[in-house]
Amino acid sequence: AMAAGTYAVDRVTSRSRVVVTTTTPVASYRGAGRPEATAAIERAVDLFAAEVGLDPAEVRRRNLVPRFDEPHTTATGATYDTGDYPAALERALAAAGYDELRAEQARRRAAGDPIALGIGVSTYVEVTTGPRAGAEVGWVEVRGGEGGVEVVVGTGASPHGQGLATALAMVVSDHTGLPLDAVRVVHGDTDLVTGGTGTFGSRSLQLGGSAVRGAVVEVVEQARRLAAEQLEAAAEDVVLDPATGRFHVAGTPAVGRSWAEVLAAAGVPALRADHTFTATQPTYPFGAHVAVVEVDTETGDVRLRRLVACDDAGRIVNPLLAEGQRHGGIAQGVAQALYEQVVHDDDGNPLTSTFADYAVVSAAELPSFELVDQETPTFVNPLGAKGIGESGTIGATPAVHNAVCDALAHLGVRHVDMPCTPERVWRAVRDATG
């Protein structure tokens, strides 16, 4: 479904082959199919560019789908929601100093430098929430008492380290005007949250967050009507000031009611609303990555020097959490291109069975990533948010892979299979140069 990528491709043909094996079964991992689709078309674009003698970035410029704010359906039947692929590419190229990099590469090649410079570009689009979109449940309860106001949020999604609870608390705080430390998120307890789908497919914030948003909007409406009665005003004339957390008649902020005062005067211990949000379609985050590598043509050693990433996941609720997801995803994308591989012997015995044998990437192998921001909100959910948890994994792999192949192109090397280990690179150079 994602084979067309970011390009205005009229026809797409695919072939598949089923292989029965005795090796260990595999399952989905960060990206789950989208890295493979992106790697295939992004490598093909670079091979095409080499055949026709054009710069890889220029080929992308000529073939990207133009900016769109309404659904765009590809030749494979995937319906993208919103996108601005050309802008993401240009931002990434500008941040990387692409023309200067090409000039430096030319100087090194003219000087016969054995440390070859490679520049790789990738543009990507991926699908989040899964192909059937889906739904999520949430509830919000604002409780009053002598200790002050507390907001309890229930979610059917699953915060497990990615910071989702913080993002949900921010959504509630923004709509109620209550401080973040007054918001408590509960999850994973079927006595408290009776339904839910969970966390996968980069769905948590856009579905779970939208469910919570729907609930908090309803709670605010309940409180607004109670405040209108207490202020002896029409409900439509009363507003909530999110900066102070006070209800007042529009235009007269001096006289108002806090959440605690509204609850106390109404004689109710709490206000609660439950909400189920159902998405009409998946969302399609996108972006562009530029990788810069140095390759020792005498030993095959590859070093990643820079990774510039423009990842557009719609409206960002918490920039710090989004940045963390991007860092983690990029690291795993780089690892697929350069290091990680499960190896078996001829009898099917695993040779990479421990972390002493399996090359897990660490900070020592990675540069500080250069992140470029861009936001193209989606219409699919009220937050305008798309998924971000897997984007880095999808964009980084082909960028790094293309960079390695680009570094060796002047030697006659057309392609190196991933992962681009020193042995594979060394053999590619030897076979090309004799």
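This text goes with the structure placed above it.
Residues numbered from 1 in each chain as written. Predicted model: local features only at pLDDT ≥ 70, side-chain atom pairs only at ≥ 80, totals over all residues. Heavy atoms only, no water.

Q: In this structure, what is going on with the overall build of the chain? I would like to understand it.
A: Looking only at helices and strands, the chain features ten helices and 13 strands. The principal-axis extents of the C-alpha atoms in the chain amount to approximately 90 × 50 × 40 Å. Split into buried and exposed, the 434 residues of the chain put 50% on the buried side. Residue pairs in contact within the chain that sit at least 24 positions apart in sequence constitute 73% of those at least 6 positions apart. With an accessible surface of roughly 20200 Å², the chain has 52% of that area assigned to carbon and sulfur atoms. Looking at charge distribution, the chain has the averaged site of its 35 positive side-chain charges lying 4 Å from that of its 55 negative ones. (Helix = DSSP H or I, 4+ residues; strand = E, 2+ residues; numbered from the N terminus. Buried < 20%, exposed > 50% of the residue type's maximum accessible area, 1.4 Å probe, protein only. Contact = heavy atoms within 4.5 Å. Areas by Shrake-Rupley, 256 points an atom, 1.4 Å probe, with all protein chains shown as cover. Lys, Arg positive; Asp, Glu negative; His and termini not counted. Charge placed at Lys NZ, Arg CZ, Asp CG, Glu CD.)

Q: What is the right way to read helix α7 (residues 259–266) from this model?
A: Along an α-helix, residues three or four positions apart point the same way, because every turn accommodates 3.6 residues. Regarding α7, the residues found buried are Trp259, Val262 and Leu263. Looking straight down α7, one finds that the buried residues subtend no more than 95° of arc, so they occupy a single side. Exposed residues on α7 whose side chains face more than 90 degrees from its buried face are Ala264 and Ala265. In the stretch just after α7, Gly267 is the one whose phi turns positive, near 70°. (Arc of directions from axis to C-beta.)

Q: What exactly am I supposed to notice about the packing of aromatic side chains here?
A: We describe a pair of aromatic rings using the distance from one ring centre to the other and the angle between the two ring planes. All chains considered together, the criterion is met by five aromatic pairs. Here Tyr85 and Phe286 contribute two aromatic rings whose centre-to-centre distance is 5.0 Å and whose plane-to-plane angle is 75°, an arrangement assigned as edge-to-face. Within this pair, whereas Tyr85 is found in helix α3 (residues 85–96), its partner Phe286 is found in strand β11 (residues 286–296), the two being separated by 201 residues in sequence. Take Tyr85: its relative accessible area is 2%, and that puts it in the buried class. Judged by relative accessible area, Phe286 falls into the buried class, the value being 0%. Arranged with centres 5.1 Å apart and planes meeting at 70°, the rings of Phe247 and Trp259 form a pair that is edge-to-face. Highlighted residues: Phe247 in strand β8 (residues 246–249) and Trp259 in helix α7, separated in sequence by twelve residues. You'll find Phe247 and Trp259 in the same group, each marked buried. Pairwise contacts between aromatic rings join Phe68, Tyr80, Tyr85, Tyr284 and Phe286 into one cluster. (Phe/Tyr/Trp six-rings, centres within 6.5 Å; stacked < 30°, edge-to-face > 60°.)

Q: Would you take a moment to explain the pattern of salt bridges for this structure?
A: Oppositely charged side chains can pair when the atoms bearing their charge come close. For the structure on display, the rule yields 31 salt bridges. Note that Arg62 and Glu58 form a salt bridge whose closest N and O atoms lie 3.1 Å from each other. Here Arg62 and its partner Glu58 are both found in helix α2 (residues 56–63), four residues apart, which amounts to about one turn of the helix. Note on Arg62: relative accessible area 56%, which makes it exposed. Accessibility expressed as a relative area gives 25% for Glu58, which makes it partly exposed. Each member of the salt-bridge network shares a partner with another, and the members are Glu141, Arg143, Glu150, Arg184, Arg272 and Asp274. (Salt bridge = Lys/Arg side-chain N within 4 Å of Asp/Glu carboxyl O.)

Q: In this structure, what is going on with helix α6 (residues 204–230)? I would like to understand it.
A: The end-to-end C-alpha separation of α6 is 38 Å, in line with the 39 Å expected for 27 residues at 1.5 Å each. When you tally the buried positions in α6, you get 19 out of 27 residues, the bulk of the element. Count one or two residues on from α6 and you reach Glu232, which has phi positive near 55°. (Expected span 1.5 Å × (residues − 1).)

Q: Looking at this structure, how should I read the side chain of Ser202?
A: Topologically, Ser202 is positioned in the loop between β6 (183–187) and α6. In this structure the side chain of Ser202 is engaged in a polar contact, spanning 2.6 Å, whose partner is the side chain of Glu390. Those residues within four positions of Ser202 in sequence are excluded, and the remaining contacts are Thr128, Thr129, Gly387, Ile388, Gly389 and Glu390. (Polar contact = N/O pair within 3.5 Å; in protein donor to acceptor, adjacent residues only side chain to side chain.)

Q: Just to check I follow, could you spell out the sheet that holds strand β5 (residues 150–155) for this structure?
A: By definition, the strands of a sheet pair up through backbone hydrogen bonds, in either a parallel or an antiparallel sense. Across the sheet, four strands lie side by side as β6-β5-β4-β10; this open sheet has mixed pairing. Looking at which strands have only one partner, the edges of the open sheet turn out to be β6 and β10 (270–278). Taking each pair of neighbouring strands and ignoring which way they run, the sheet shows an average axis angle of 15°. Here strand β4 (residues 135–143) pairs with β10 via nine bridges, running antiparallel. From the neighbouring strand, Val142 faces β10, where its bridge partner is Leu271. Along the sheet face, helix α5 (residues 164–176) touches β4, β5 and β6 and points at about 130° away from the line of β6. Packed on one face of the sheet, α6 meets β4, β5 and β10 and runs near 145° to β10. (Pairing = 2+ DSSP bridges. Axes fitted to C-alpha atoms, helices over the stretch in contact; angles between N-to-C directions.)

Q: Explain the sheet that holds strand β9 (residues 256–258) here, please?
A: Spatially, the three strands line up as an open sheet ordered β7-β8-β9, and their pairing is antiparallel. In this open sheet, the two edge strands, each paired with only one partner strand, are β7 (238–241) and β9. For this sheet the average axis-to-axis angle between neighbouring strands, irrespective of direction, equals 25°. Sheet topology places β8 next to β9; three bridges connect them, and they run antiparallel. If you follow Arg246 over to β9, its bridge partner there is Ser258.

Q: Help me understand the packing of α5 against α6 in this model?
A: Each pair of packed helices can be described by the angle between their axes along with the distance between the axes. With their axes 9 Å apart at the nearest point, α5 and α6 run at an angle of 30° to one another. Comparing their axes, α6 and α5 come out roughly parallel. Judged by the twist between their axes, the crossing of α5 over α6 is right-handed. Residue-level contacts link Leu164, Ala167, Leu168, Val171, Val172, His175 and Thr176 of α5 to Ser204, Leu205, Gly208, Gly209, Val212, Arg213, Val216, Val217 and Val220 of α6. Split by residue class, the contact of α5 with α6 holds ten nonpolar, five polar and one charged. (Parallel < 35°, antiparallel > 145°, perpendicular 65-115°, else oblique. Left-handed = near helix turned anticlockwise from the far one by under 90°. Nonpolar A, V, L, I, M, F, W, Y, C, P; charged D, E, K, R; others polar.)

Q: Quick question: what am I supposed to make of the packing of α6 against α7 here?
A: At a minimum axis separation of 10 Å, α6 and α7 run at an interaxial angle of 70°. Regarding the angle of α6 to α7, the classification is roughly perpendicular. Here α6 and α7 pass one another in a crossing that is left-handed. On the side of α6, the interface is formed by Val219, Val220, Ala223, Leu226, Ala227 and Gln230, while α7 contributes Trp259, Glu261, Val262, Ala265 and Ala266. Classifying every residue of the contact of α6 with α7 gives nine nonpolar, one polar and one charged.

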